[in-house]
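# Close look at the chain arrangement
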Amino acid sequence: MLNLDDQNLVTEVSAAVAWRKRHLLKMQDQVRKYHGSAYLDENSGGAQDPENYAFSYISLVLPRLANDVPRIQVEAQGDQGDDGTAAAIELAMNTWASRSHLRRTIERIAVDMIFTWGAAMVTPEPVESMRRIEPGHGGRTPRVYRIAPDRFVVDPAASDLSDARYVGHQYVTDMDDLIEKAEKSSYLDSEAIEGLQSSDDDMGAQGGPSSRSGRNVPDREEVIVTELWIPDGESGGIPEEQHLYNGVLIRLASTASEDFRVISAEPEPYYGPSTGPYTLVGAYTVPGDVYPLGTLTASQGLLSELNSHLKSMHAAAGAYRRLVLVDSRGTKLAQDIANSPDLHVVPVENIDRDRVVPIEVGGVTQQQIQYTAMTQDRLDRLTGMNEVIRGAVTGDATATEVQTAATSSGLRIAWMQRCFAEAIDQMMYTVAWYMYHDDQIEMPLSKAEADRAMVGTTFRGGVFQEDFESYAVRVSAYSLERTSEALQQKRALELLQLVLQVGQAVPAMPHVRWNRLLEMIGDQLNMPMLKDVIGTPGAAQTMPAPGSGSAAPGAPGGTPADMGTLMSNDMRGVSAGNGRGAVGR
């Protein structure tokens, strides 16, 4: 077990902050080049980079990662899992995802991941120190918070998040708020907190967030709080429901003028799943290092080289001159040439063409153009960008070349989508854990949606008897992505044709497991409720003849599925990413 002695904790956190700073040394410069001087004039003194590659890359990749609210699927597994419970949790979580403005949060996490790494924290209820303005949907529900890269803390000795002895985050809070919180909590040491000295200096001086640097924020009497989750930590006061508590939370505080100090009176039991509250989001693993590698960080060297050559070409183009040399004795001729407008005829007696010599000085050379183009190609190969994905197909390449380029870029982006979706999976697992266990959660649901799912109109947590591990929670991998309207319309027509064809085949082939087949097809089309559109095989065998007017017993709600239900319920799936399979994890 990790040594929880105060001095050892201070040493651990100091080492973690120093390790993080070494990874983020270039990030501020990357962000400054991303937004440019037109957004914020920082008087850096250097010329702006001609090629804003970071903005170009993010604007192309971000809509493929976080364009829409993730659609959560909950599936009962094993003998203990109950389909009704799974349907209730799924509806509650999708309702919560829309009301809690989740898409905006995961968009910010996706941008972090493209630069370096993204991090998120899930809490059972709103935390004022993380977000001052909360979505006004009412009730106590879980929250997902973005942790900025310069506020994330992790064990520097770990090679993966699962190996970390501790994980945590930092936030800035008012001294008065922290003192008030300590008066209400037995886990905080009031004397240690009151002994802190707030300062109006740079908050990043003692390992705090560096995002305020240069903003001239007045003294707000704030302190930096570092909160650590220690998975194998033990607490003296263990609550009754021990299976709901995993590890402990310990807090330290520091200011711009004072080093870290432990402010926890005793370790606080962590209420949450064994996976902890944090999720680290990254695309590429670095062997032996816990922090992932972002695409823009990996390409920083080539990007600097490209902009260096572009700046050289810019200077050469500015120095270009086209001059006309004349005989020094022909002063009138020189004056006539200088004062004549374009395409003007200048009569000259006994002119000798050797006495007028046009020359060009400076300008961009062919070698510069070729080398810059080669550097651009190297950068595109490194990041997976090309003219096809940018939508700038000139027609010079063959169809095979275009298809090969699209496939290569598609693999890179599909990998990032997969990694990002898996991270969202982990966040939603933690959210579902709180939804399932917390008896203080009460959420009103849409009556129409609840009727279709055959659940109540109010979701309450903490009332379920099954084991939570009997349910699988995942996000439709491509529900986050935006697709074109043409593809959505195409999928809608394909869905209509599928319903007509399968609806006729169900009575004729009762031996086929139609529910399973429709579930597989719906998963590929990103419409998991497709199996509810058509009656079950058992219902099909007892289905009355057309026109009889009686309902099929197997149809949802005792009525046959119609196109109205289809359009209002399952056509919601014809959105981002339809036409690609939701990857099961």
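A brief report on the enclosed structure follows. Quick caveat, the model's predicted, so the values are computed rather than measured.

Scanning the protein chain from N- to C-terminus turns up 18 helices and 15 strands. Relative to its full complement of 585 residues, the protein chain shows a buried share of 42%. Contacts spanning at least 24 positions in sequence make up 74% of the contacts within the protein chain whose residues lie at least 6 apart. Total accessible area on the protein chain is roughly 30,100 Å²; 51% of this is exposed by carbon and sulfur atoms.

With that settled, consider the pairing of strand 15 (residues 471–475). By the criterion of burial, strand 15 is predominantly enclosed, with four of the five residues buried. Taken together, the five bridges between strand 1 (residues 72–76) and strand 15 define a ladder with antiparallel strand orientation. Paired with isoleucine 72 across the bridge in strand 15 is valine 475.

Evaluated as defined, the whole model comprises 18 salt bridges. A salt bridge links aspartate 451 to lysine 447; the nearest nitrogen and oxygen atoms lie 3.2 Å apart. Remark: lysine 447 and aspartate 451 occur in helix 14 (residues 447–453); sequence separation between them is four residues, near one turn of the helix. For aspartate 451, a relative accessible area of 45% gives the class partly exposed. Beyond isolated ion pairs, a larger network of salt bridges with shared partners links Asp29, Arg32, Lys33, Asp49 and Lys311.

The next subject is the sheet that holds strand 3 (residues 143–147). Think of a sheet as strands paired side by side through backbone hydrogen bonds, with each pair either parallel or antiparallel. If you trace the three strands from one edge of the open sheet to the other, you get 3-2-10, paired in antiparallel fashion. Each of the sheet's edge strands pairs with one partner strand only, and the pair in question is strand 3 and strand 10 (278–281). Averaged over all pairs of adjacent strands, the angle between their axes in this sheet comes to 25°, without regard to strand direction. Pairing of strand 2 (residues 118–123) with strand 3, which is carried by five bridges, proceeds in the antiparallel orientation. If you follow valine 122 over to strand 3, its bridge partner there is valine 144. Packed onto the sheet, helix 5 (residues 102–115) meets strand 2, strand 3 and strand 10 and runs at close to 25° relative to strand 3.

Looking now at the packing of aromatic side chains. By the definition in use, this model includes 14 aromatic pairs. Seen from their ring centres, tyrosine 245 and tyrosine 271 are 5.6 Å apart, and the 50° between their planes marks the pair as tilted. On the criterion of sequence distance, the pair formed by tyrosine 245 in strand 7 (residues 245–255) and tyrosine 271 in strand 9 (residues 268–271) is long-range, its members being 26 residues apart. Relative accessible area serves as the criterion here: at 18%, tyrosine 271 is assigned to the buried category. Consider the rings of tyrosine 271 and tyrosine 434, whose centres lie 5.6 Å apart with planes at 50°: the pair is tilted. Here the residue tyrosine 271 occupies a position in strand 9, and tyrosine 434 occupies one in helix 13 (residues 399–437), the gap between them amounting to 163 residues. Overall, the relative accessible area of 0% leaves tyrosine 434 in the buried class. Through a chain of ring-to-ring contacts, three or more aromatic side chains come together here, namely Tyr429, Tyr436, Phe459, Phe464, Phe468 and Tyr471.

In terms of nonpolar packing, the biggest core is built from 87 residues, with Trp96, Val144, Phe152, Phe420, Met427, Met428 and Phe459 touching the most fellow members. At 13 residues, helix 13 tops the list of elements feeding residues into this core. In this structure, Leu9, Val13, Val153 and Val262 belong to the second largest nonpolar core, which totals 15 residues.

Attention shifts here to the packing of helix 3 (residues 53–65) against helix 5. It is the contact of helix 3 with helix 5, at a shortest axis distance of 10 Å, that shows an interaxial angle of 130°. Taken together, the axes of helix 3 and helix 5 lie oblique to each other. Considering how the two elements wind past one another, helix 3 and helix 5 form a crossing that is right-handed. Side by side, helix 3 and helix 5 meet where Tyr57, Ile58, Val61, Leu62 and Leu65 of the first sit next to Glu107, Ala110, Val111, Met113, Ile114 and Phe115 of the second. A class-by-class count of the residues in the contact of helix 3 with helix 5 yields ten nonpolar, no polar and one charged.

Thresholds, definitions, all that
- Residues numbered from 1 in each chain as written.
- Predicted model: local features only at pLDDT ≥ 70, side-chain atom pairs only at ≥ 80, totals over all residues.
- Heavy atoms only, no water.
- Helix = DSSP H or I, 4+ residues; strand = E, 2+ residues; numbered from the N terminus.
- Buried < 20%, exposed > 50% of the residue type's maximum accessible area, 1.4 Å probe, protein only.
- Contact = heavy atoms within 4.5 Å.
- Areas by Shrake-Rupley, 256 points an atom, 1.4 Å probe, with all protein chains shown as cover.
- Pairing = 2+ DSSP bridges.
- Salt bridge = Lys/Arg side-chain N within 4 Å of Asp/Glu carboxyl O.
- Axes fitted to C-alpha atoms, helices over the stretch in contact; angles between N-to-C directions.
- Phe/Tyr/Trp six-rings, centres within 6.5 Å; stacked < 30°, edge-to-face > 60°.
- Core = buried A, V, L, I, M, F, W, Y, C linked by side-chain atoms within 4.5 Å.
- Parallel < 35°, antiparallel > 145°, perpendicular 65-115°, else oblique.
- Left-handed = near helix turned anticlockwise from the far one by under 90°.
- Nonpolar A, V, L, I, M, F, W, Y, C, P; charged D, E, K, R; others polar.

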